[in-house]
Amino acid sequence: MAMKAECPQRIERLQQELDRVGLDGALFSYPIDVYYFTGTRQNALLWVPVRGHAALLVRKSLPRARREAGIDDIRPFPRSAELRSVIAGGKIGTTFDVLPLQQDRFYRKHLPGCEFFDISPLYRELRSIKSAWEIERMRYSGVQLSRVFASLADYLQPGLREIDVAAEFETRLRRIGGEGLVRMRAFDQELFMGLAVAGENAAVGGFFNGAATGQGLSGAAPHGASEDLIAENQPIMLDYTGIFDGYIVDMTRIYVCGRLDDELSRAFTVARKIQDALAQRLKPGVLCSELYDQAVRMADEAGLASRFMGPPDEQARFVGHGVGLELDEFPVLAPGHDRPLQSGQTLAVEPKFAFSGVGVVGIENTYLVTENGGERISVLEDDLIRVPV
């Protein structure tokens, strides 16, 4: 099993970082963090000492964890009073970005004498660099997702509801093994597989931190497809994730039943030019913030700055985001993110333009950072997909 080889390497990299910053170990309880280091997503707490073997303390399911895990020390979760006997050391790192206050209080109560430090940035940076095995998982996801995007033109026609298109896309993706569970680290973000939105609904503002939100089906689910009908000559935006073996690839394509008007067509062309320019510069050492600035400059030069990455006053302040086990990983192409890109990072680049009352056009592909620039993982051509009517 590949994870049997992956997990010890990941733990060793973490231990090197813990040693570098002077910590005695790290605790992980967030499910995808536990999975990353152990290969099992069970209800468990992972202790990684700076030296020695990691221990997985499992609440449920212990038999499954023992079958799946890529580490050897797997135990039942101990009584609270016994926790200190397992977790040695005084300076402990954990991920404050996802740690509930209740669990923080639990640790502090049952691990007296310990100091806790936030290792969220350190851990997320470490996880942003993908192994060869992870990259192969993502390449597979990219091929499978591209297949579904390519197949959908034979289904689209005016008069369908947005939710019909969403259901068809999602059914096709699930039938070829798409897992559908979009994990996001941000506290207030959520997503159901992706977006199928058309016309003015695509440019409706909303909570989602992206260029498009969609109308959704209710106030409780104000995101994605609605029951509104798709008309001729409207831009139809499909922005979907493909998730296989846990690894996410993110893509957007624009369809139209009929003809896209000249203003939208020009904006779509500009989006492709921005994407291609950034992709060429997805090389180690290039600053994330520089790539964002370049995208904004190109949008401004085209006279489209006020529509870039969302409707006016609700524009998303990024043009690319890391992907992997979560949709919102490092790196982020955004102002203030002055980190240099590193070889092996994977990210989605998504320049889009929102026209209030009309629709959204743009493009999105997932790339691997290499010495030669971005290697595209989502393999479908970028062309506007026209459906004859």
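Placed above this text is the structure.
In this report, we go over the structure that sits alongside the text. (Residues numbered from 1 in each chain as written. Predicted model: local features only at pLDDT ≥ 70, side-chain atom pairs only at ≥ 80, totals over all residues. Heavy atoms only, no water.)

### Here's the deal with the packing of helix H1 (residues 2–21) against helix H2 (residues 31–38)
Moving on, step 1. Viewed as axis vectors pointing N to C, H1 and H2 meet at an angle of 110°, and their least axial separation amounts to 7 Å. Put simply, H1 runs roughly perpendicular to H2. Here H1 contributes Met3, Cys7, Arg10, Ile11, Arg13 and Leu14 to the contact with H2, which in turn contributes Tyr35, Tyr36, Phe37 and Thr38.
Moving on, step 2. Across the contact of H1 with H2, the residue classes break down as seven nonpolar, one polar and two charged. (Axes fitted to C-alpha atoms, helices over the stretch in contact; angles between N-to-C directions. Helix = DSSP H or I, 4+ residues; strand = E, 2+ residues; numbered from the N terminus. Parallel < 35°, antiparallel > 145°, perpendicular 65-115°, else oblique. Contact = heavy atoms within 4.5 Å. Nonpolar A, V, L, I, M, F, W, Y, C, P; charged D, E, K, R; others polar.)

### Focus on helix H6 (residues 120–128)
Moving on, step 1. Within H6, eight of the nine residues are buried, leaving the element largely enclosed by the surrounding structure.
Moving on, step 2. Every buried residue of H6 is accounted for by Ser120, Leu122, Tyr123, Arg124, Glu125, Leu126, Arg127 and Ser128. (Buried < 20%, exposed > 50% of the residue type's maximum accessible area, 1.4 Å probe, protein only.)

### Comments concerning unusual backbone geometry
The phi angle of most residues is negative, glycine excepted, and most peptide bonds adopt the trans form.
Moving on, step 1. For the bond from Lys60 to Ser61, the omega torsion is 5°, close enough to zero to count as cis.
Moving on, step 2. Between Phe330 and the following residue, Pro331, the backbone shows a cis peptide bond with an omega angle of 0°.
Moving on, step 3. Structurally, Pro331 can be placed in strand E11 (residues 329–333).
Moving on, step 4. At Met193, a position not held by glycine, the phi torsion is positive, near 65°.
Moving on, step 5. Relative to the assigned elements, Met193 resides in the loop between helix H8 (162–175) and strand E7 (194–198).
Moving on, step 6. Met193 sits in the buried class, given a relative accessible area of 5%.
Moving on, step 7. If you check the backbone angles, Asp313 has positive phi at about 70° while not being a glycine.
Moving on, step 8. On the secondary structure map, Asp313 appears in the loop between helix H10 (288–301) and strand E10 (320–322).
Moving on, step 9. On the basis of relative accessible area, Asp313 is assigned to the exposed category, the value being 80%.

### Some points on the sheet that holds strand E9 (residues 247–257)
Moving on, step 1. Strand order in this open sheet of four strands is E7-E8-E9-E17, and the pairing throughout is mixed. What marks the edges here is a single partner per strand, and that holds for E7 and strand E17 (385–387). Neighbouring strand axes in the sheet, compared pairwise and without regard to direction, differ in orientation by 25° on average.
Moving on, step 2. Relative to strand E8 (residues 235–244), E7 is paired through five bridges, and the arrangement is antiparallel. Paired with Ala198 across the two strands is Ile236, which belongs to E8. (Pairing = 2+ DSSP bridges.)

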